[in-house]
Every structure is written in structure tokens, then in C-alpha cells.
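Remarks on the overall topology
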Amino acid sequence: GDSVTQMEGPVTLSEEAFLTINCTYTATGYPSLFWYVQYPGEGLQLLLKATKADDKGSNKGFEATYRKETTSFHLEKGSVQVSDSAVYFCALRGGYQKVTFGTGTKLQVIP
Amino acid sequence: DTAVSQTPKYLVTQMGNDKSIKCEQNLGHDTMYWYKQDSKKFLKIMFSYNNKELIINETVPNRFSPKSPDKAHLNLHINSLELGDSAVYFCASSQEQGRAETQYFGPGTRLLVL
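Here the structure is a predicted model, which is why all the values come from computation and not from measurement.

1. Quick look at the overall build of chain B
When helices and strands are counted, chain B shows zero helices and eleven strands. Against the globule reference of 13 Å for 114 residues, chain B gives a C-alpha radius of gyration of 13 Å, in line with a compact fold. Within chain B, buried positions represent 44% of all 114 residues. In chain B, the proportion of contacts linking residues at least 24 apart, taken out of those at least 6 apart, comes to 54%.

2. Quick notes on the pattern of salt bridges
Overall, the coordinates contain seven salt bridges over all chains when judged by the stated rule. Residue Lys 52 of chain A pairs with Asp 55 of chain A through a salt bridge whose shortest N-O separation is 3.4 Å. The partly exposed category is assigned to Asp 55 of chain A, whose relative accessible area is 22%. Through salt bridges with shared partners, one network takes in Arg 63, Glu 82 and Asp 85 of chain B.

3. A word on the interface of chain B and chain A
With 24 residues of chain B at the interface, the matching set in chain A holds 23 residues. Surface buried jointly by chain B and chain A totals about 1,900 Å² across both partners, of which 53% is contributed by carbon and sulfur atoms. It is Leu 43, Arg 99 and Phe 105 of chain B that lose the most area in chain B upon contact with chain A, and together they represent 30% of the buried surface on that side. Across the chain B-chain A interface, the total number found is one salt bridge. For Arg 93 of chain A, the salt bridge goes to Glu 101 of chain B, with nearest N and O atoms at 3.6 Å. Across the chain B-chain A interface, the total number found is four residue pairs in polar contact (both at pLDDT 80 or more).

4. Some points on the state of the cysteines
According to the stated counting rule, one finds two disulfides over all chains in the structure shown. Cys 23 of chain A shares a disulfide with Cys 90 of chain A; S-S distance 1.9 Å. Of note, the bridge from Cys 23 of chain A to Cys 90 of chain A carries an S-S torsion of about -70° and is left-handed in sense. Separated by 67 residues along the polypeptide, Cys 23 of chain A in strand 4 (residues 23–26) and Cys 90 of chain A in strand 10 (residues 86–93) bring together distant segments of the chain. Assessed through its relative accessible area of 1%, Cys 23 of chain A is described here as buried. Each sulfur in the disulfide pair Cys 23 of chain B and Cys 91 of chain B lies 1.9 Å from the other. When the S-S torsion is -75°, as for the bridge of Cys 23 of chain B with Cys 91 of chain B, the disulfide is left-handed. Linking Cys 23 of chain B in strand 3 (residues 19–25) with Cys 91 of chain B in strand 9 (residues 87–94), this pair joins segments that are 68 residues apart in sequence.

5. Here we look at the sheet that holds strand 3 (residues 19–21) of chain A
Residue and element names in this part refer to chain A. Pairing within the open sheet is antiparallel, and its four strands lie in the order 3-9-8-7. If you trace the sheet from one side to the other, it starts and ends with strand 3 and strand 7 (56–59), each paired once. For this sheet the average axis-to-axis angle between neighbouring strands, irrespective of direction, equals 15°. Bridging between strand 8 (residues 62–65) and strand 9 (residues 75–77) involves three bridges; their strand directions are antiparallel. Within strand 9, the position partnered with Phe 62 by the bridge is Lys 77.

6. Here we look at the sheet that holds strand 3 of chain B
Residue and element names in this part refer to chain B. The sheet built from four strands is open, its strands ordered 1-3-8-7 with antiparallel pairing. This sheet does not close on itself; its edge strands, each paired only once, are strand 1 (4–7) and strand 7 (64–70). On average, each strand axis in the sheet is inclined to that of its neighbour by 20°, with strand direction left out of account. With four bridges joining them, strand 3 and strand 8 (residues 73–78) adopt antiparallel strand pairing. If you follow Lys 19 over to strand 8, its bridge partner there is Ile 78.

7. Describing the pairing of strand 5 (residues 43–50) of chain B
All names here are of chain B. Where burial is concerned, most of strand 5 is hidden: six out of the eight residues are buried. When strand 4 (residues 31–37) meets strand 5, the two strands line up antiparallel, connected through seven bridges. Opposite Met 32, over in strand 5, you have Tyr 49 as the bridge partner. Linkage of strand 5 to strand 6 (residues 53–57), two consecutive antiparallel strands, is achieved through a turn of two residues, within which Asn 51 is found at a positive phi near 50°.

Rules behind the numbers
Counting restarts for each chain: residues are numbered from 1 in the order of the written sequence. A letter from A marks each chain and a number from 1 marks each ligand, given out in the order of writing. Side-chain atom pairs in this predicted model are given and counted only at pLDDT of 80 or more, local residue features only at pLDDT of at least 70, and totals for whole chains, interfaces and linings cover all residues. Water and hydrogen atoms were dropped before computing side-chain values, which therefore reflect all heavy atoms in the structure. Runs of E in the DSSP output that reach at least two residues are strands. Runs of H or I that reach at least four are helices, and both are numbered from the N terminus. With the radius of gyration taken over C-alpha atoms, the globule rule is written as 2.2 Å times the number of residues to the power 0.38. Throughout this description, buried means an accessible area under 20% of the type-specific maximum (1.4 Å probe, protein chains only), exposed means over 50%, and partly exposed covers the range between. A contact between two residues is defined here by any heavy atoms of the two lying within 4.5 Å. Here, a salt bridge means any side-chain nitrogen of Lys or Arg that lies within 4 Å of a carboxyl oxygen of Asp or Glu. Summed over both partners, the accessible surface that disappears when two parts come together, traced with a 1.4 Å probe, is what is meant by buried area. Think of a polar contact as two N or O atoms within 3.5 Å of one another; within protein, one of them needs to be a possible hydrogen donor and the other a possible acceptor, and neighboring residues in sequence only count if both atoms come from side chains. Working definition: a disulfide is two cysteine sulfur atoms within 2.5 Å of each other. Here, any two strands with at least 2 DSSP bridges between them count as paired. Axis definition: a line fitted to C-alpha atoms, limited for helices to the stretch in contact. Angles are taken between N-to-C directions and run from 0 to 180 degrees.

Here it is in C-alpha cells:
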């Protein structure tokens, strides 16, 4: 079945540091890939997505590129802010009507 | 206006009780979901309804019963609550767009079973 593996957290960075959160997946066919973010006390919300190989999703300074050859969708941001502190979920949607989420990576940004 | 709303936000109850959580979406979406998030933030799908019809039913104890009176509402009833049911329950909705569809989540219901 489909699966998503993302790096364990928590990840602690200083403000303005570079962020990478790794995500790899296993799926049959050609899934769409997503990053969702969950701020403290809230539900998840879509951060960005990519629907085919080599697509780059971007939003709020975050980027991720759909790499079919390495089955990866790593999340990056050049300069994090305290307000980026949240839990980040990598997810995929394949041919079935179900989204598979990774286990989440907690990011803490300190001033 | 809240796109996906859930009530109650917090629910504290005793083992063995029966409780319900309600969800409503005003986005006009066809599909709604229930997820369970445990204390380690692991998110697991429980149920999905499309136009009031059950389409996903993961391995969930039959103490959990979803009900969709119309496509804007998906409620979750839990019988004989157990300690292990303590978690955050999220409702979500989406409009069928194939693989590209985005899910919209509610704020969650924090259930604590004592």
C-alpha cells in the first residue's frame, strides 16, 4: 500500500536558518504530493502541493519539488521565522480515495 | 465564516459513556472525512463519506459510527468510550478533483476519557 516517511522531529532552528524536512514516499502509479502544516491548537491546512513529476509547489517562502526518480518531496525554506513553528505533514494521494499522511515533523524556531 | 466547524471543541467524559461529535462544512464539498490524531501527532483516517455515502471505512471499532444526514454534515457517535479513545478528532472536507484535491480541516475536538 501507499506510505509516506518523513524525518523525525523535533527540529529546532534559530530564526533565519535554512530549513529542510525530508519526505519520501512509496506508491503505485502517479500520486499527488502535499505538505500540510498544523499550527498549535489548530487543524491542518494545505501549505503546498505538486501533482506530477518535476513540479515545484511553493507558498509563503516554502518550496518542495516532486522527484519521481528518488520518490521524494523534501520541504525547504531559505529563512525560517518564529511564526513558522508548527508540525509539518507530508502526504500523498494516489489512485484510491484516501490521503496517506506521514507522521509529522515538529519545527521549533527560536529567536 | 468558518469553512469546516466542529462541536464541541473539548470533550471530557467518563469511560463507558456515549458521546457525539458534530461537523459541518459550508464549502459545498462532496466528500467529508473523520481522522484521529494521537498524542504523537500521528494522523489516521477513520471514515470518508461522498454525497452521504460511506466510501472509506478503515479498521475502526464498531463502537464508532458515522452519520451523514446531508452532504454538509458528518457526525461521529462513539459508544462505550474507552481510555484509548482519548485523542484529537478532526473532520475534513474536499471537493473531488482526482489526485489533486485539497482537504480542508476543522479545528479538532479534543476528547479526554477518564
